[in-house]
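Given next are the chains, with one letter for each unit.
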Amino acid sequence: MRVFQVFLVIILLGVTLRAASAAETEAQVVELLGQVYRPQVVNSEGRTGWSLADPEVLRLVGQTTTRMSWSSDGETLYFSGSVRESQWKPGSSQVRVDGSEQPAPGRLLGRGKEAWMEPEALFFALALKPQNRGDRVVAMPEVPVPRLEVVAGRRELRVPLASALRVQPTRLRLDTLRLRFPGCVWSGSQQTMLVDDVQVAISEREGTVLMDLRFPPNWQGEIRSGRGLTEVLVGWRSSFPPPSTIREVTGLGFSPETAASGIRVQAEGPFEYHWNFDRSTRRLTVDMPGLREPASLPVSRAPQGGWDSFRFRPVGTPEQPILRFEGDLAAGHGWQFVEEESTPGLLFFRSTSTGQVGSLAQTGSAATAGYVSSRGLIVLDPGHGGGDPGCVNRSLGLLEKDITLDVALRLRDLLLEEGWTVLLTREDDRDVSWRGSPDRVELQARCDVANQSGADYFISLHCNASVASTRAGSSIHWFKQADLELARSLEFALGESLGLGQGGLRRDGFYVLRHTDMPAVLVEMAFLSNPREGSLLGNAGFRQRIAQSLAGALQEYVSGCYARGAELPGNAPR
Ligand SMILES: [Zn+2]
């Protein structure tokens, strides 16, 4: 039996060797995220590899986020990528990875245009893991352990990507965000870890890495940006309302006595709530941040009113109380929240035997009647006005001063709905100081509105213009250090997400940025002089989209502002 096994191994070896020698003169087939490359095989000194001057190899490198360059003396080849940095010396069996020496998985041989590399070495340098699939090698980008980063005072988890790909987030539970990395492999040694106070759990399913990020109960994770799709930044913010809205619970439980029986939560004042329905367990979770737990918490273990069981329990801290409801819906039941406009601070929901669970939102947020959240005071400055039209697009008949005012009025309405206090430097077509005033006087008058009202934020709205009609794009301008975080939060609000050009962040010493005492930005919404962007600015529906996008980004910005410190936006450090 043993003899037979040895023979079999020798036969298999022979087949493998023959296959390898036959392939030497051919191209190999490498696939990366659906793209196919055919590098020519180089054979020398008993090793096989690919030339680094081979156009197919250069295309492969180009699809990754790693860049390859030689040192000036031509003795070291650098690979710098977002996942890892490595330094290779021709012929060496060692490689320097992120600053420390380790055995190389393969060799770099030759220099300059003659340089070539063994495939294992190149894949490692590019943070790709090869898998042999018969006629081809499938290269899978490694997903590394997330790193903690502090960006403008906020903590964020950064997951660099070895190759650009689309990462889709889904909210699994109220406190858990799942990131899906298709076509990737996990490169960490552990499947679970703690990064800051976020629990990270990894699972792999059919060539997809699933990364579950679990935040503490009073925090919610959100993708801050997928910068150019080469990295994912996940931030987390408090889902907790300001301290002034902590409420006592005055009534709680199942109320079969009413005509429509259901779960009642009565607090002394209005409150927010967030819900999540887990389809697999049929469990409805409702978190009510700011509600202090009452002396007794109702529990039902026996089925009643469409619930197999339910209970209330506290999940927050004494300073940040959260009351949680967990109910398991009986088979065939859905649920609905019932609006009670006449009773502020009452949340009423019931199971419904006709309810189509599939048609209900699995996760959502709402508030009881009368709830007004405190978001701070913002001053909106519609650029130009009165005697100063700003820039003009004559062929479209559009004046900058009209567009900035219209967007400011739309943005004001949206922010008021969200609980902001909003002031405008002008609410109609006029100069803020007086007609014909010098620029400096006019601009100071706008700063005075913000400084004298003690505003928390200042946003000046403008349209850009250029003699070159092809110039296009949205840009966000900042000057003071205190402006930067606000500017960052607005960076992706306009631009590409609205089908405009992406101008990015710019630091400029504009008067209104230099002379305001609070975080301030100047938004160039788009180029009025560009025929395409100009006609979009002339469209009321598009101006509404601009306002909505800015309102959404501002909302996220203030939420992040009192994350960690649990401060009101107005008290946020400047
Ligand atoms: Zn302007």
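Procedures and definitions
Here, residues in each chain are numbered from 1, in the same order as that chain's written sequence. For a predicted model such as this one, the threshold for reporting local features is a pLDDT of at least 70, and the threshold for listing and counting side-chain atom pairs is 80 or more; totals across whole chains, interfaces and linings nevertheless cover every residue. Side-chain measures were taken over the full set of non-hydrogen atoms in the model, leaving aside hydrogen atoms and water. A run of H or I in DSSP becomes a helix once it reaches four residues, and a run of E becomes a strand once it reaches two; helices and strands are each numbered from the N terminus. Under the scheme applied here, a residue whose accessible area is under 20% of the maximum for its type counts as buried, over 50% as exposed, and between as partly exposed, the area being computed with a 1.4 Å probe on protein chains only. Here, residues are in contact when the closest pair of their heavy atoms is within 4.5 Å. With residues, only the protein chains shown are counted as cover, and all accessible areas are computed by Shrake-Rupley using a 1.4 Å probe. Water is not part of the atom set, so a site may look incomplete; the donors themselves are N, O and S atoms within 2.8 Å of the metal, or 3.2 Å for Na, K and Ca. For this analysis, a salt bridge means a side-chain nitrogen from Lys or Arg found within 4 Å of a carboxyl oxygen belonging to Asp or Glu. At least two DSSP bridges between two strands are required for those strands to pair. An axis is simply a line fitted to the C-alpha atoms; with a helix, the fit covers only the stretch in contact. Between two such axes, the angle follows the N-to-C directions and lies from 0 to 180 degrees. Each residue after the first adds 1.5 Å to the expected span of a helix. To obtain the arc, one takes the directions from the helix axis to the C-beta atoms. Stacked, tilted and edge-to-face are the three classes assigned to paired rings of Phe, Tyr and Trp, where Trp is represented by its six-membered ring and a pair needs centres within 6.5 Å; plane angles under 30 degrees give stacked, over 60 edge-to-face, the rest tilted. Within 3.5 Å is the distance limit for a polar contact, defined as a pair of N or O atoms, with the added protein rule that one can donate a hydrogen and the other accept it, and that residues adjacent in sequence qualify only through two side-chain atoms. Here, the term nonpolar core denotes a set of buried Ala, Val, Leu, Ile, Met, Phe, Trp, Tyr and Cys residues that are joined through side-chain atoms within 4.5 Å. Per residue, pLDDT captures the predictor's confidence, and it can take any value from 0 to 100.

## Section: the overall build of the chain
Turning to step 1, where the next piece is worked out: Within the chain one finds nine helices and 42 strands.
Turning to step 2, where the next piece is worked out: For the chain, the proportion of its 574 residues judged to be buried stands at 50%.
Turning to step 3, where the next piece is worked out: Across the chain, every contact between residues at least 6 apart in sequence was considered, and the portion connecting residues at least 24 apart equals 61%.
Turning to step 4, where the next piece is worked out: About 26400 Å² of surface is accessible on the chain, with carbon and sulfur atoms providing 50% of the total.

## So, the coordination of the zinc ion
Turning to step 1, where the next piece is worked out: Taken together, the protein ligands of the zinc ion are His384 (NE2), Glu400 (OE) and His462 (ND1), with distances of 2.1 to 2.2 Å.
Turning to step 2, where the next piece is worked out: Spacing between the donor residues of the zinc ion along the chain follows H-x15-E-x61-H. Here the residue Glu400 occupies a position in helix α4 (residues 400-417), and His462 occupies one in strand β39 (residues 457-464), the gap between them amounting to 62 residues.
Turning to step 3, where the next piece is worked out: Of the residues examined, His462 reaches a relative accessible area of 13% and is grouped as buried.

## Description of the pattern of salt bridges
Turning to step 1, where the next piece is worked out: Taken as a whole and assessed by the stated rule, the structure comprises 22 salt bridges.
Turning to step 2, where the next piece is worked out: Between Glu142 and Arg84 there is a salt bridge whose closest N-O contact spans 2.8 Å. With Glu142 in strand β13 (residues 136-143) and Arg84 in the loop between β6 (77-80) and β7 (85-88), this pair connects stretches of sequence that are 58 residues apart.
Turning to step 3, where the next piece is worked out: Residue Glu142 is classed as buried on the basis of its relative accessible area of 5%.
Turning to step 4, where the next piece is worked out: Under the relative-accessibility criterion, Arg84 is labelled buried at 12%.
Turning to step 5, where the next piece is worked out: One salt bridge connects Arg410 with Asp406, and the closest N-O pair in it is separated by 2.6 Å. Of this pair, Arg410 and Asp406 both sit in helix α4, separated by four residues, roughly a single helical turn.

## Observations concerning the sheet that holds β6
Turning to step 1, where the next piece is worked out: Overall, antiparallel pairing links the five strands, which are arranged β5-β6-β7-β8-β9 in an open sheet. Each edge of the sheet is formed by a strand with only one pairing partner; in this case those strands are β5 (67-70) and β9 (100-103). For this sheet, the mean inter-axis angle between neighbouring strands, taken without regard to orientation, is 25°.
Turning to step 2, where the next piece is worked out: Relative to strand β8 (residues 94-97), β7 runs antiparallel, the two being bridged by two bridges. Of the residues in β8, the one forming a bridge with Gln87 is Arg96.

## With respect to α4
Turning to step 1, where the next piece is worked out: Taking 1.5 Å of rise per residue, the 18 residues of α4 would be expected to cover 26 Å, and the 26 Å separating its terminal C-alpha atoms lies within 8% of that figure.
Turning to step 2, where the next piece is worked out: Along α4, the residues classified as buried are Glu400, Lys401, Ile403, Thr404, Leu405, Asp406, Val407, Ala408, Leu411, Leu414 and Leu415.
Turning to step 3, where the next piece is worked out: Positive phi appears at Gly419, one or two residues downstream of α4, with a value of about 95°.

## Quick notes on helix α2 (residues 55-63)
Turning to step 1, where the next piece is worked out: Considered for burial, the residues of α2 that qualify are Val57, Leu60, Val61 and Gln63. One side of α2 carries all its buried residues, which in axial view fall inside an arc of 160°.
Turning to step 2, where the next piece is worked out: Among the structural elements, β1 (30-32), β2 (35-37), β4 (47-51), β5 and α3 (119-125) are those in contact with the buried residues of α2.

## Some points on the packing of aromatic side chains
Turning to step 1, where the next piece is worked out: On inspection of all chains with the given rule, the structure shows 15 aromatic pairs.
Turning to step 2, where the next piece is worked out: When the centroid spacing of 6.4 Å and the interplanar angle of 75° are considered together, the rings of Trp88 and Phe124 count as edge-to-face. Of the two residues, Trp88 is situated in strand β7 and Phe124 in helix α3; the sequence distance between them amounts to 36 residues. Neither Trp88 nor Phe124 differs from the other in exposure class; each is buried.

## A short note on the side chain of Ser86
Turning to step 1, where the next piece is worked out: Following the sequence through the fold, Ser86 ends up in strand β7.
Turning to step 2, where the next piece is worked out: Taking the relative accessible area as the measure of exposure, Ser86 reaches 2% and is therefore buried.
Turning to step 3, where the next piece is worked out: Within the structure, the side chain of Ser86 is placed 2.8 Å from the side chain of Trp88, a separation counted as a polar contact.
Turning to step 4, where the next piece is worked out: With residues near it in sequence (within four places) discarded, Ser86 still touches Leu77, Tyr78, Phe79, Val95, Arg96, Val97 and Ala125.

## Comments concerning the sheet that holds strand β25 (residues 262-267)
Turning to step 1, where the next piece is worked out: Spatially, β28-β24-β25-β33-β32 is the arrangement adopted by the five strands of the open sheet, whose pairing is mixed. Looking at which strands have only one partner, the edges of the open sheet turn out to be β28 (291-292) and β32 (334-338).
Turning to step 2, where the next piece is worked out: As defined by bridge partners, strand β24 (residues 247-255) adjoins β28 across two bridges and the pair is classed as parallel. Paired with Arg247 across the two strands is Leu291, which belongs to β28.

## Looking at the environment of Glu340
Turning to step 1, where the next piece is worked out: Of note, Glu340 is situated in the loop between β32 and β33 (346-352).
Turning to step 2, where the next piece is worked out: Sequence-wise, Glu340 and Ala369 are 29 residues apart; in three dimensions their C-alpha atoms are separated by 6.9 Å.

## Notes on the nonpolar core
One recurring pattern in soluble globular proteins: nonpolar side chains tend to sit buried together.
Turning to step 1, where the next piece is worked out: The biggest cluster of nonpolar side chains holds 42 residues, and the ones touching the most others in it are Ile378, Leu415, Ile459, Leu490, Val523, Met525 and Ile546.
Turning to step 2, where the next piece is worked out: Elements supplying a minimum of two residues to this core: β35 (377-382), α4, β38 (421-424), β39, β40 (474-478), α6 (481-490), β42 (520-527) and α9 (540-561).
Turning to step 3, where the next piece is worked out: When residues of this core are assigned to their parent elements, the largest contribution, nine residues, is made by α9.
Turning to step 4, where the next piece is worked out: Setting aside residues no more than four positions away along its own chain, Ile459 makes contact with Ile378, Val379, Leu380, Asp381, Leu490, Val521, Val523 and Leu554.
Turning to step 5, where the next piece is worked out: Counting residues in each nonpolar core, the second largest holds 30 residues, with Val41, Val61, Leu77 and Met117 among its members.

## So, the confidence of the model for the chain
Turning to step 1, where the next piece is worked out: Mean pLDDT over the chain stands at 83; residues scoring 70 or higher make up 83%.
Turning to step 2, where the next piece is worked out: A low-confidence stretch, residues 1-24 stays under pLDDT 50, and its non-local contacts, those more than four residues away or across chains, total four contacts.
Turning to step 3, where the next piece is worked out: Long-range and interchain partners of residues 560-574, a stretch whose pLDDT sits below 50, account for 38 contacts in this model, where long-range means more than four residues apart.

## Some thoughts on the environment of Asp175
Turning to step 1, where the next piece is worked out: Within the secondary structure, Asp175 sits in the loop between β16 (168-173) and β17 (176-182).
Turning to step 2, where the next piece is worked out: What makes Asp175 buried here is its relative accessible area of 7%.
Turning to step 3, where the next piece is worked out: Separated by 38 residues in sequence, Asp175 and Leu213 have C-alpha atoms that sit 8.2 Å apart.

## Points about the pairing of strand β26 (residues 272-278)
Turning to step 1, where the next piece is worked out: Across the seven residues of β26, six count as buried, placing the element largely inside the fold.
Turning to step 2, where the next piece is worked out: Across five bridges, the pairing between β26 and strand β27 (residues 283-289) is antiparallel. Each bridged residue has a counterpart across the sheet, and for Trp275 the counterpart in β27 is Val286.
Turning to step 3, where the next piece is worked out: Connecting the antiparallel pair β26 and β27 is a turn made up of four residues, with Arg282 showing a positive phi of about 60°.

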